[in-house]
Structure formats: C-alpha cells, structure tokens
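Per-entry structural report
Below are the chains, spelled out letter by letter.
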Amino acid sequence: MDGEVTRATASWENGALAPVDHLRLERADSPTPGLVEGTEPGAGQKSAMFVHTQSFEDLTADTEEEAQTEAGRDSELGKSGEESTEELQVLVGEDSVEEQKKKETWPESKTKEEDVSSEAWRRHRKHVFVLSEAGKPIYSRYGTEEALSSTMGVMMALVSFVEAEKNFIRSIHADGCKVIFLSKSPLVLVGVYRTCQSDKELMRELYYIYYQIVSLLTLTQLNHIFKHKQNYDLRRLLAGSEHLTDNLLHRLDRDPGLLLSAVTCLPLASSSRDVVSSSLQAAKTKSLVFSILLAGDRLVTLVRKKDQYLHHIDLHLVFNLVGSSSSFREGEGWTPICLPKFNTAGFFHAHISYLEPASDLCLILVSTDREDFFNLSDCKHRFLERLSKRSAYQNLKEALKCPSYSVDQVGIPELRHFLYKSKSSGLYTSPELPMVYESEEKHERLMGLYQDLHSRLHHPTRPLRSIYRCGETENLLAWVTSGFELYLCFSPLGTKAVAVSAVNKLLKWIRKEEDRLFILSPLTY
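This is a predicted model, so every value here is computed, not measured.

Moving on: a nonpolar patch on the surface. A cluster of nonpolar side chains, namely Val154, Leu158 and Ile172, defines an oily patch on the protein surface of about 220 Å² accessible area. Within the secondary structure, Leu158 sits in helix α7 (residues 149-164).

As a further point, take the side chain of Asn343. As for its placement among the helices and strands, Asn343 is situated in the loop between β10 (333-337) and β11 (348-354). Of note is the side chain of Asn343, whose polar atom sits 3.1 Å from the backbone nitrogen of Ala345.

By secondary structure assignment, the location of Tyr428 is in strand β14 (residues 427-429). According to the relative accessible area criterion, Tyr428 is buried, its value standing at 6%. Considering only alpha carbons, one finds Tyr428 and Phe518, 90 residues apart in sequence, at a separation of 7.8 Å. Residues within four places of Tyr428 in sequence aside, it is in contact with Asp255, Pro256, Gly257, Leu260, Ala262, Val263, Thr264, Cys265, Tyr420, Lys421 and Phe518.

It is worth spelling out the nonpolar core at this point. The nonpolar side chains of soluble globular proteins are, as a tendency, buried together. Formed by 90 residues in total, the largest nonpolar core has its most connected members in Leu234, Ile364, Phe418 and Leu506. The element best represented in this core is helix α8 (residues 199-217), accounting for twelve residues. What Leu506 contacts, discounting residues up to four positions off in sequence, is Val410, Ile412, Leu415, Phe418, Leu486 and Leu488. Core analysis: the next-biggest nonpolar cluster, separate from the first, contains 25 residues, Leu266, Leu288, Val303 and Leu365 among them.

That bond from Ser185 to Pro186 is cis: its omega, 10°, falls within 30 degrees of zero. Along the chain, the position of Pro186 falls in the loop between β5 (177-184) and β6 (187-193). One non-glycine residue, Asp175, lies in positive phi territory at about 55°. Turning to its location among the elements, Asp175 is positioned in the loop between β4 (171-174) and β5.

Calculation notes
Residues numbered from 1 in each chain as written. Predicted model: local features only at pLDDT ≥ 70, side-chain atom pairs only at ≥ 80, totals over all residues. Heavy atoms only, no water. Patch = residues over 30% accessible without salt bridge, like charges linked within 9 Å, V, L, I, M, F, W, Y side chains within 5 Å. Areas by Shrake-Rupley, 256 points an atom, 1.4 Å probe, with all protein chains shown as cover. Salt bridge = Lys/Arg side-chain N within 4 Å of Asp/Glu carboxyl O. Helix = DSSP H or I, 4+ residues; strand = E, 2+ residues; numbered from the N terminus. Polar contact = N/O pair within 3.5 Å; in protein donor to acceptor, adjacent residues only side chain to side chain. Buried < 20%, exposed > 50% of the residue type's maximum accessible area, 1.4 Å probe, protein only. Contact = heavy atoms within 4.5 Å. Core = buried A, V, L, I, M, F, W, Y, C linked by side-chain atoms within 4.5 Å.

Right, dumping it as structure tokens:
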C-alpha cells in the first residue's frame, strides 16, 4: 500500500480545556477556514460544552488521582459506598437488573455460548477480558467467563510476574496478535486483537470498557468491595448489564465519534435549535446539572449548569445506556449513573424519557438529588409544553425524517465519505454511508481504514500532520491541524492533486453549513 506522509513540526495535542476567547474574535468572515483552534468551521461562538475536546491522550489520565481529588464532592453529587449496590438494582423505574435483562434480546448474546476451544472462537478480531486482581473472571466478550477462568488466571499470572519485578506489562506482540494489558486497580483488562490499530488506540478501547464498569458502580464502590473481599465475584453486581459492555464494544467498531473523541449533531437550522435550547434552559430546577436532548445517536442540544462541563466520554456512556435499552420507551426512567470523567466517587441521578412514544427524541435530565424524580418529571413536561407551542418542534420532527445528509450535497464527485471534527467544540460531522459501504462488513472495513489513519496521525512517538494513502478500492487522505481533524475517502481513480483540491472545497462547504451541522451557541443555566 503506497502512502505519502508529512511529519508534524509540533506536538498535535493542544491541551486547552476550552477555546480561547480572543481566537473567536479572529474568526474569519471568509468562507476559507482558519487553521487555528477557535476559528475552524464548527467552532462554537460561545463557551465550549465539553471539558477537554482534544482528549485522545486524556484517556490515559490517572483515574485514581481523580478519585482522591474529587472525593470531597461525594456528598453533593450522589451516594457511594454500600448505597451504590442498592441504587444499581433500580436501573430503570421499578425494574430490577434481572427483570430488565429478560426484556431485552441482544444480537451478541449467542456468542457467549461459543466453544472457547474452537477455531471460530479464536478467529474473532477483538477479544476483551475483564478480571479482578485476584484473577476472578468478570467479563468476556466471546465465550462464558466460567469456560475462560483458567485463561484469565494465566493472564493475571503474567501481570503479577512482571509486577513482582517492579515493572508493569503493557503489551505482547506474537503471531499476528496484539495482547494489550490495562491495570486499573482493582480491575485488570486484557484485549487480544488481530487489527492494524496501534497499541494506544487499542488501549483507548479498554479504557472505554473500564469507564463503562465504573459508570455502573463508581470507583469508590469498586475499591470498597475489593478492599474487604479480594475474591469477590463482581458478576453478582453486574448481572444483567453485560449487554451495555457488548453494545459499547460494537459501537467502538462502528461509531466514528468514539474514534474522534467527539459527538455528532442532528442537522437542524440554527434558529430552530436555539428555540429548543432556550426551552430546555427555561425548564430547570435547583439540582439540575445537565439537560441533554438526543435524536437516536445524534445530539440535538445540551444545556449545562454554569462552570460545569460534560466530558465527551461521559456523554458516549449516556448514549450507550439509552441506545442499549428499549425499557426507557415504556415510561419515565430514573436511574443512578456515575459520570467517571466528571467524578468517579459518586452517582448522579438521571431522568430519561422519550418526548413521544414513537419518537427518537430522548430527553436526559441529570440531577445531583436522588429524590428529585418528580421535579425533573415536571421539568420534562414544562419543556415539552413550551416547545410544542413553537414551530421549532415541527421543524425538529421534520429533521428526524432525514437525520443525515448525502455526500453528493458537498458537490465533489470523487468524494465518497468524510469525517470532520472541530477540536474547539468537540463536535464532528459526517455524511451517511454511500451504497458501496452500506453492508456491515464494508462499513467496519471503512472504519478500520479510518482507525489506521488515526493511529498514524496520533502515533505516540512519530505523529504525522497529513497522510495520503492509495488502495485498490479507495484512496484516503487524513489531515490534522490545531483546529480540526479531517479524514476523506475518495474513488480509487482519483489523484492526489484532486484530493488536495477537494479539501479546500469541503472546508468551504462545512463553513457554509456550520449553523446547521454544529451547535455554535451552547446555553447554560
């Protein structure tokens, strides 16, 4: 596979927590975008919604340190310790975890019964195992934990042997496989992969699984459990929640947002989005921290408490929770949820409901008060009452009929698909998949190509600024600046010159459509 690369002259990460105000004033009036963060297409014109939009490296932050520094907020943000066990059993309304499990049918559940000694089991591209530091099995993506207990015991023995030499194991490369280890006391996560992704990319996926488990229990509760009983079988607490982890792993293979550390928006006229946001802003209560309106896997709007920022990883976990359960469609749900990038020590409490039974519009109201269900239910009804009187509600319903757009609208014949991320806003945009990539196999192959380019751009020791890659079935171009990331897929008949000229045309089109594709003016309480 031929490729041309350009080395970066500076580190790709910026590290800023929010866009700098003076950069916003330099936002170009010209449709030709600036390359500096805060002036790129899609950059918000007010304060950012997310804590750290360039957080690819942020996934490697020391979670234990976060727990210590944030433990003081435990009483304000929710309950922890022994109470989390009780709260976990109330995942949706009055249903227990076991009852919810019976309601759902998950396409990956059949893989749990696979014969772990079979060749078919070995051929899976991505295996993920979670175990305790005592070697107790907690989760396996394929095959039952019981059948894999001896395998997990060997994994833990490897970790312990290296740690005994005052070192730690990161990865093993052998026979075309990569075995990645992530030790986050009291858990150990191991991934076995047959992909082209870098170790860092694969480590990112293990971090997502770690945060998924923490979101159900809190780190405080995990530490409390294993401090008192090292051999505790954590599956007793996580019973029925395996589908959340299964679904998250499925999303990691298919959702560009998890690759880009960003969220995509429902295309909607800015005037209508502003009305929706202001209606949500008006329907508030004292304990409300975040109000989030989703349309399937797309963000419609997010209103936050002043000085409280949501991390995109936490929002992805909320997306996964809502998308993994049909139970929320049956009424107003009330569930404890830990947002691990905000605070690993305690629970928030989320009121989750759909605006209409047959609609994809889902409203999530996140509160610090476990007794605030009826107040948040009232907020939901006040928001819906206010919004239903505005024409913006009908516009929103119309937008749901076409939640994406075709790449043909860009007007570049050779362009098949693209991913564009605005770093300062933490939002990305992408057209619907063309027919050539509609099948699940081809979709995952395209995502694999994007993942490979992403790995090369963000290599830990040799980061690149741009790369052009020619293949038999498509040509790809990737480019990263301090303001944005861009990945483009072209017909294999195109040339590099055509690809380079297409970049400027695409950026101009995104600048022209940014009011519709991005949230430029996020609101606060």
